[in-house]
Every structure is written in structure tokens, then in C-alpha cells.
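Listed below are the residues making up each chain.
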Amino acid sequence: MLGLKLPTDPRWVNIVEKNIDEILTDHAYCEQKAAATAISLIVGFPEYTDLVQEMVALTREEMGHFKMVHDRIIARGQVLGRDRKDAYVLELIKFFPKGGSRTTQLVHRLLYAALIEARSCERFRLLSEQLKDKELAEFYHKLMVSEAGHYTMFLKFARQYGEREEVDQKWQDLLTYEAQIMKDLGTKESIHG
């Protein structure tokens, strides 16, 4: 369903299980950044009313997820750690050239967002199926369903605002590029790394 061209090595879950606190901190910041992305789309493209409406709802949802993850961190007797650079996202956003029309810029941002959500969904699925902590596994199952909805929403908007055939080609090219990035990742206790 997600169209990812290189699945995460299931052994990534073993890395995560060795330091759950690190993955929870990374995850909390991913949720916060997702909310920030939604807000930046509102600010940058206010004339797209249907997008703005969905981004308002998404901002609330992502901050709700942030709170859920933060609550789990507190329940484990920890505090939210420092944010770290997301090597995956930093590499991913190099794919499309800068500039172009506002519509092109919007489509590129929507495709990036769709792919980040798709990869998060895939990682959450692995966590939900393989974590030994069953409560945490169930938590990730619920979030996996949510991320799948976000992925399809962003892709739908990209296809709505761009020319469908061109958007679909860009999506396939981006998926191929992302698979190359993923070859060097999957060795850290982070959602995308």
C-alpha cells in the first residue's frame, strides 16, 4: 500500500528495543515537526482553503500525538531529551530543485510530507508487530493507522494541485531516491534513521 521501494530491515526493531527512551524522544520530535509542517503549509499557501482546513486538523492531531508520546516518556521516569537532526529528512529534501512556481513548490512539499508519513507508518507497523512490550506495540499500532491516513491525504493533495501524470512520475522518482537513502539508514534508534 505504501509503495516504498526498500522496506526497513526488521532487525531495526532490535536496535530500538535496546533504547526505548531514545526512540520515544525522537518520535516526540517527529510529531512536533509534523505539526510544524502543517502550520507552515497554512502560512505558505493560505489560498488553498481545503488544504488549510485539513492542516488545522492535522496540527491538532500531531500535537495530540506529541502529548501521548511525551506522557509515555514521563511515565517511564524520563524527561524529553534534546532534539537531533533528522538525517533522513535532511537528505530527502535535497531531491527536488529549489524554486519553480508556487504550485510546483507546494506539490514538492506535499510529496515530501507524504513520503515521510509513509516511512513513519511502515516503521510503526514494525514496532507494533515486533516490540516485546505489548502495551507499546499496541500504541504504535494505533499510530500506524493514523500515519497511513496522513500519507494518503498528502498524496491526494499533491495530485489535486499538480498535473496527475507529472505528480505520479515525481512520486515514483522520489520513492526511488528514498530507497537509496534508506540503504545507509536503519542503524539508529530513530523513527527514520
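Residues numbered from 1 in each chain as written. Predicted model: local features only at pLDDT ≥ 70, side-chain atom pairs only at ≥ 80, totals over all residues. Heavy atoms only, no water.

A. Broad picture of the overall build of the protein. A tally of helices and strands in the protein yields 7 helices and 0 strands. Taken from the N to the C terminus, the helices and strands of the protein come in the order α-α-α-α-α-α-α. Whereas a compact globule of 193 residues would reach a radius of gyration of roughly 16 Å, the protein reaches 16 Å, a difference of no more than 12%. Each principal axis of the C-alpha distribution contributes one length, and for the protein these read about 50 × 30 × 25 Å. The 193 residues of the protein split such that 47% are buried. Put simply, of all contacts in the protein between residues at least 6 apart along the chain, 82% involve residues at least 24 apart. Here the protein has roughly 9,700 Å² of accessible surface; of this, 55% comes from carbon and sulfur atoms. Taking the average location of the 27 positive side-chain charges in the protein and that of its 30 negative ones, the two points are 3 Å from each other. (Helix = DSSP H or I, 4+ residues; strand = E, 2+ residues; numbered from the N terminus. Rg over C-alpha atoms; globule rule 2.2 N^0.38 Å. Buried < 20%, exposed > 50% of the residue type's maximum accessible area, 1.4 Å probe, protein only. Contact = heavy atoms within 4.5 Å. Areas by Shrake-Rupley, 256 points an atom, 1.4 Å probe, with all protein chains shown as cover. Lys, Arg positive; Asp, Glu negative; His and termini not counted. Charge placed at Lys NZ, Arg CZ, Asp CG, Glu CD.)

B. Examining the pattern of salt bridges more closely. Across all of its chains, the model carries 16 salt bridges by this definition. Residue Asp-26 pairs with Arg-84 through a salt bridge whose shortest N-O separation is 3.9 Å. Of this pair, Asp-26 sits in helix H2 (residues 20-44) while Arg-84 is found in the loop between helix H3 (49-75) and helix H4 (87-92), placing the two residues 58 residues apart along the sequence. Residue Arg-84 is classed as partly exposed on the basis of its relative accessible area, which comes to 34%. Among the salt bridges present, the one from Glu-47 reaches Arg-102, with a minimum N-O distance of 2.5 Å. A residue pair is termed long-range when its members are at least 10 positions apart, and Glu-47 in the loop between H2 and H3 and Arg-102 in helix H5 (residues 102-130) qualify at 55 residues. Glu-47 gets classed as partly exposed once you look at its relative accessible area, which sits at 45%. Looking at Arg-102, the relative accessible area reads 42%, which means it is partly exposed. Taken together, the shared-partner salt bridges connect Glu-22, Asp-26 and Arg-84 into one network. (Salt bridge = Lys/Arg side-chain N within 4 Å of Asp/Glu carboxyl O.)

C. Inspection of the packing of H5 against helix H6 (residues 134-161) at higher detail. Packing of H5 against H6 leaves a shortest axis separation of 7 Å and a crossing angle of 160 degrees. Of the possible angle classes, the one that applies to H5 and H6 is roughly antiparallel. As H5 runs across H6, the sense of the crossing is left-handed. (Axes fitted to C-alpha atoms, helices over the stretch in contact; angles between N-to-C directions. Parallel < 35°, antiparallel > 145°, perpendicular 65-115°, else oblique. Left-handed = near helix turned anticlockwise from the far one by under 90°.)

D. Broad picture of H3. Helix length check: H3 (27 residues) gives 39 Å between terminal C-alpha atoms against 39 Å at 1.5 Å per residue, within 8%. All of the buried residues along H3 are Leu-51, Val-52, Met-55, Leu-58, Thr-59, Glu-62, His-65, Phe-66, Val-69 and Ile-73. As for H3, its buried residues are in contact with H2, H5 and H6. Backbone geometry just downstream of H3 places Gly-77 in the positive-phi region, at approximately 75 degrees. (Expected span 1.5 Å × (residues − 1).)

E. Fine view of the state of the cysteines. This structure, assessed with the given rule, holds 0 disulfides. The structure places no disulfide on Cys-30, whose sulfur is separated from the nearest cysteine sulfur, that of Cys-121, by 14 Å. A relative accessible area of 6% places Cys-121 in the buried class. (Disulfide = S-S within 2.5 Å.)

F. Expanded view of the nonpolar core. Within the largest apolar cluster, 59 residues are counted, with the highest numbers of intra-cluster contacts made by Leu-51, Leu-110, Leu-111, Tyr-140, Phe-154 and Trp-171. With sequence-adjacent residues up to four places away left out, Leu-111 is seen in contact with Phe-96, Leu-155, Ala-158, Val-167, Lys-170, Trp-171 and Leu-174. (Core = buried A, V, L, I, M, F, W, Y, C linked by side-chain atoms within 4.5 Å.)

G. Summary view of the packing of aromatic side chains. On inspection of all chains with the given rule, the structure shows 9 aromatic pairs. Ring centres of Phe-96 and Tyr-112 lie 5.2 Å apart, and the angle between their planes is 55 degrees; on these two criteria the pair is classed as tilted. On the criterion of sequence distance, the pair formed by Phe-96 in the loop between H4 and H5 and Tyr-112 in helix H5 is long-range, its members being 16 residues apart. When its relative accessible area of 7% is taken as the criterion, Phe-96 is described as buried. Measuring from ring centre to ring centre gives 5.3 Å for Phe-139 and Tyr-140, while their planes differ by 75 degrees; the resulting arrangement is edge-to-face. (Phe/Tyr/Trp six-rings, centres within 6.5 Å; stacked < 30°, edge-to-face > 60°.)

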